[in-house]
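# Secondary and tertiary structure notes
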There are 2 protein chains.
Amino acid sequence: MRRGGGRAARSDDVRLRNRAALIAALREDGPRSRTALAAATGLSAATVSAIGGALLEEGLLAPVAAEAQGGRGRPQAPLGLNPARATAAAIVVSNRAVDTVIVDYSGSEIGRSWRGALPRDAGPAALSAALAAEIDAARAGARRDGAPPIAALTIAWQGVADAEARRVVWSPIVDARGVDFAGPLAARCGGRVAVMNDAAMVAEAFLRRGAKRSGAPTDLALLLVGPGVGMGLVLDGAAAAGRASSGMEFGHMTHVPGGAPCACGRLGCVEAYAADYAILRGAGRDERDDPLAVAQAARDGDPAARAAFAAAGEALGYGLGRLFALLGPLPVALAGSGAAAADLLRPAMVAALEQALAPELSGPLELSVAGDATALALEGAAAHALRRLDAALAAGAEIAGAPWREAVA
Amino acid sequence: MRRGGGRAARSDDVRLRNRAALIAALREDGPRSRTALAAATGLSAATVSAIGGALLEEGLLAPVAAEAQGGRGRPQAPLGLNPARATAAAIVVSNRAVDTVIVDYSGSEIGRSWRGALPRDAGPAALSAALAAEIDAARAGARRDGAPPIAALTIAWQGVADAEARRVVWSPIVDARGVDFAGPLAARCGGRVAVMNDAAMVAEAFLRRGAKRSGAPTDLALLLVGPGVGMGLVLDGAAAAGRASSGMEFGHMTHVPGGAPCACGRLGCVEAYAADYAILRGAGRDERDDPLAVAQAARDGDPAARAAFAAAGEALGYGLGRLFALLGPLPVALAGSGAAAADLLRPAMVAALEQALAPELSGPLELSVAGDATALALEGAAAHALRRLDAALAAGAEIAGAPWREAVA
DNA sequence: CTCATTTTCTTCGAGGCCCAAAATAAATGG
DNA sequence: CCATTTATTTTGGGCCTCGAAGAAAATGAG
């Protein structure tokens, strides 16, 4: 039981943590004066001043033009993340398209690209090359010149990645297995390449957006229902991943043993009832039909379509019941084509959840609906890449870029 | 997304962490010299000396008689946890009995008691009184006089406790709901009372025992199959609990929607196929029959009995498949009456797991069998209580007891 | 126009903490 | 009896955070 008790702490771990805390505060809530940062982090003004000074020296932070403040006293001099310090990239690969975004260190988008779906039969080399090309394309269209090279890349990808988030273990998008992105792409990303589950990235972005508005809900199970069924789980404000893989294969949890055939080859997975293809199949439509059209048919009273959505909702509801049995109840959000059909899914989901779990254990279903899944996934992946960059820079990693000394001289 | 970034660290957090690390090292692997502690924790000899000195002053540690070492040089002077510093208690409540153990701060048992099952209809007051009486009984039989008052108590209990681990939300053992143990028992336990799920305590003890032998397997899903089906999950060496409750209600995860009736009132729970009562029902036996007798009948070829165990194994296997889909594959251990029938359950479990999950996601089932569940639960609960005591003492809490100054003077 | 006031930010000294190196302690074995 | 060996404690240096005091940079009243 290596509980660690926490490995021993050295004296300078404290500085490291506080550097990270300062950067995180700026990342989460934007530029602020030293005084405001002191209040936000709980550090003393003296310490914020010291750490802030060091981070300015290192080019991590930059002074930001103060807004008119009015009132007496010395005006605040806000600090912000220095956009020129580094650059990060995010790629979202779905079965329909590849979306890429380049952001500066402060999180502003500086470039973007789009292309249609990758060919299913692309081999590892072709895949890496295609993604590299997208990064180049996005950079080429950059609104700003002279940005430093990309120092971190996060790929949001429908499928299963391994624990180190570098290989695709399985994905419905391409036939290739065990593709290692780290190798080919690492060269242009300072080695910081991560392959993450798409739903996890959507969850992160959705929660982040919500947090900006309301208080700070820190838990969420996001169901990404579309060509497949994925789940992104956020617990205590941190993305929860499985052990061996980046995990959380909600869609491939068995719903009915021996039930409907799933794209993964097993029988009775949740996905086999709730994914787009399952809806189409259940409604007796053609594979290539538009799921949204089926949803409209269901709203117009088509019994087969209604039954298909009821079955999908039931599978999702039972799945949530199983999840809640293990983890306790969580707020839930729907994204993807499932979000567009939330009105059709909800009643069956609620009913199934009630069947599945005693009310003491589940409580009423808290279900919200997320917007454009691709946009959210891009946002989440970019945030993810930036956060890894933050960690590296806070720890003093040497990453090229930025008005380094020049800004000070 | 309150990711925290980790709250700001103060300078003296370092000392606190290192105190805890030192205590944890002694707790996990027994008394050792300062030099050995330095090696184990990664701290410098100078720091171990300083912290050790302070802990000796506070009565947390005590010199231990050194074993003959032979060889040159100044002999090592081992330090150990001071047995007299504090006392902790552990109670395991099952539907058959209440077992209680009192341990000193070094973890040695100094008293024990046993009584038969609690009456199902006992109210909150009667329950608290009964447990308090057991503690007194265990103390009365103590092999050692003058032990300090009990400063922490952990109750392992079949059922659901709330997040603060103080109330029983639901339990098959008694009819009462929402019983708060903290109030009545806190007075005699320094306020440190925790109500934990029994399976979680068994898991903890099982893994700890294993860790002493082999390397350090830090993940485990322990299935406690008996009057009910519980699960204790250890991830990264730490007990994983659900959000709202102390969670992990594996037994009440739906196996087959609309399936067999469960003791919880729902239909199709895993428990409704795998618990003792389900086995008896499935084999067409009387409720009061002995499940072990049914197991023997199955081994002797009784088809109904075989079928009952096959159904139980299938439910467990699919349940594990669902768990693995979310968390990734884990080593599994069986405890309780299920452990005694592991030979009967295993084939169906393996088969069901193969049906449930693609081999990439699950790998082969790693199944081990745990010993006496009650003994393990007691051990785990005592360890849990001691760990909370460690945390309090490391942080400098004032807890009465121990050769305080006297030992030094 | 000047200057007290107010608020922000920086500097300074004190108190901790950890570590490496030096000093001390306590055995062994020739 | 003493050189050698190993364990532990002491010492000094380098960081770190913090509170308090000082410096900076505005406002606004006279």
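Residues numbered from 1 in each chain as written. Chains lettered and ligands numbered in written order. Predicted model: local features only at pLDDT ≥ 70, side-chain atom pairs only at ≥ 80, totals over all residues. Heavy atoms only, no water.

Looking at an unreviewed UniProt entry, chain A carries the name Sugar kinase of the NBD/HSP70 family, may contain an N-terminal HTH domain, with the source organism given as Rubrimonas cliftonensis.

### Focus on the protein's contact with DNA strand D
Neighbouring DNA strand D are 27 residues, the closest being A:Thr47, B:Arg10, B:Thr35, B:Ser49 and B:Arg74. In DNA strand D, atoms within 4 Å of the protein come from the sugar-phosphate backbone in 75% of cases. A:Ser44 places a side-chain nitrogen or oxygen 3.0 Å from a phosphate oxygen of DNA strand D. In this structure, a sugar or linking oxygen belonging to DNA strand D sits 3.3 Å away from a side-chain N or O atom of A:Arg72. (Near = heavy atom within 4 Å. Polar contact = N/O pair within 3.5 Å; in protein donor to acceptor, adjacent residues only side chain to side chain.)

### Remarks on the pattern of salt bridges
Following the criterion strictly, the structure yields 22 salt bridges over all chains and no others. Here A:Asp175 makes a salt bridge to A:Arg120, at a shortest N to O gap of 3.0 Å. Of this pair, A:Asp175 sits in the loop between strand E8 (167–170) and strand E9 (179–180) while A:Arg120 sits in the loop between strand E5 (109–116) and helix H4 (124–140), and the two are 55 residues apart along the sequence. You can call A:Arg120 partly exposed: its relative accessible area is 44%. Notably, a salt bridge pairs B:Arg209 with B:Glu379, separated by 2.7 Å at the nearest N-O pair. Residue B:Arg209 is found in helix H6 (residues 198–213), and its partner B:Glu379 is found in helix H14 (residues 373–394); the two are separated by 170 residues along the sequence. Judged by its relative accessible area of 30%, B:Glu379 falls in the partly exposed class. Where salt bridges share partners, they join A:Glu204, A:Arg208 and A:Arg387 into one cluster. (Salt bridge = Lys/Arg side-chain N within 4 Å of Asp/Glu carboxyl O. Helix = DSSP H or I, 4+ residues; strand = E, 2+ residues; numbered from the N terminus. Buried < 20%, exposed > 50% of the residue type's maximum accessible area, 1.4 Å probe, protein only.)

### Regarding the pairing of strand E11 (residues 220–225) of chain B
Residues and elements named next belong to chain B. Counted residue by residue, E11 has 6 buried out of 6 residues, so it is predominantly covered. Of the strand pairs in this sheet, E11 and strand E12 (residues 229–235) are connected by 6 bridges, and their pairing is antiparallel. From the neighbouring strand, Leu223 faces E12, where its bridge partner is Met231. Hairpin connection, E11 to E12: the antiparallel pair is bridged by 3 residues. As paired strands, E11 and strand E14 (residues 332–336) are joined by 5 bridges and run parallel to one another. Within E14, the residue paired with Val225 across the bridge is Gly336. (Pairing = 2+ DSSP bridges.)

### Quick notes on the nonpolar core
A:Leu223, A:Phe250, A:Leu316, B:Leu223, B:Phe250 and B:Leu316 are the most contacted members of the largest nonpolar core, which has 107 residues in total. Setting aside its immediate chain neighbours within four residues, A:Leu316 contacts A:Leu223, A:Val225, A:Val229, A:Phe250, A:Val270, A:Ala274, A:Leu345 and A:Met349. (Core = buried A, V, L, I, M, F, W, Y, C linked by side-chain atoms within 4.5 Å. Contact = heavy atoms within 4.5 Å.)

### Description of the packing of helix H9 (residues 291–299) of chain A against helix H10 (residues 303–327) of chain A
Between two packed helices, what matters for the description is the angle formed by their axes and the separation of those axes. Residue and element names in this part refer to chain A. Contact geometry of H9 with H10 gives a least axis separation of 7 Å together with a crossing angle of 110°. With respect to H10, the element H9 is oriented roughly perpendicular. Side by side, H9 and H10 meet where Pro291, Val294, Ala295, Ala297, Ala298 and Arg299 of the first sit next to Ala305, Arg306 and Phe309 of the second. When the residues that make up the contact of H9 with H10 are grouped by side-chain class, the tally is 7 nonpolar, no polar and 2 charged. (Axes fitted to C-alpha atoms, helices over the stretch in contact; angles between N-to-C directions. Parallel < 35°, antiparallel > 145°, perpendicular 65-115°, else oblique. Nonpolar A, V, L, I, M, F, W, Y, C, P; charged D, E, K, R; others polar.)

### Considerations on the interface of chain B and chain A
Between chain B and chain A, the residue contacts involve 70 residues of the former and 71 residues of the latter. Regarding the contact of chain B and chain A, the summed buried area is about 5,900 Å², with carbon and sulfur atoms giving 55% of it. At the junction of chain B with chain A, the criterion picks out 0 salt bridges. Where chain B meets chain A, there are 12 residue pairs in polar contact (both at pLDDT 80 or more). Counting residues per element, the side of chain B that touches chain A draws most heavily on helix H1 (residues 13–29) of chain B, at 7 residues. For the side of chain B that touches chain A, the residue count by class is 35 nonpolar, 17 polar and 18 charged. (Buried area = accessible area lost by both parts, 1.4 Å probe.)

### Overview of unusual backbone geometry
Excluding glycine, a negative phi dihedral is what most residues carry, and trans is how most peptide bonds are arranged. With phi around 55°, A:Asp236 is a residue other than glycine that occupies positive phi space. Tracing the sequence through the fold places A:Asp236 in the loop between strand E12 (229–235) and strand E13 (238–240).

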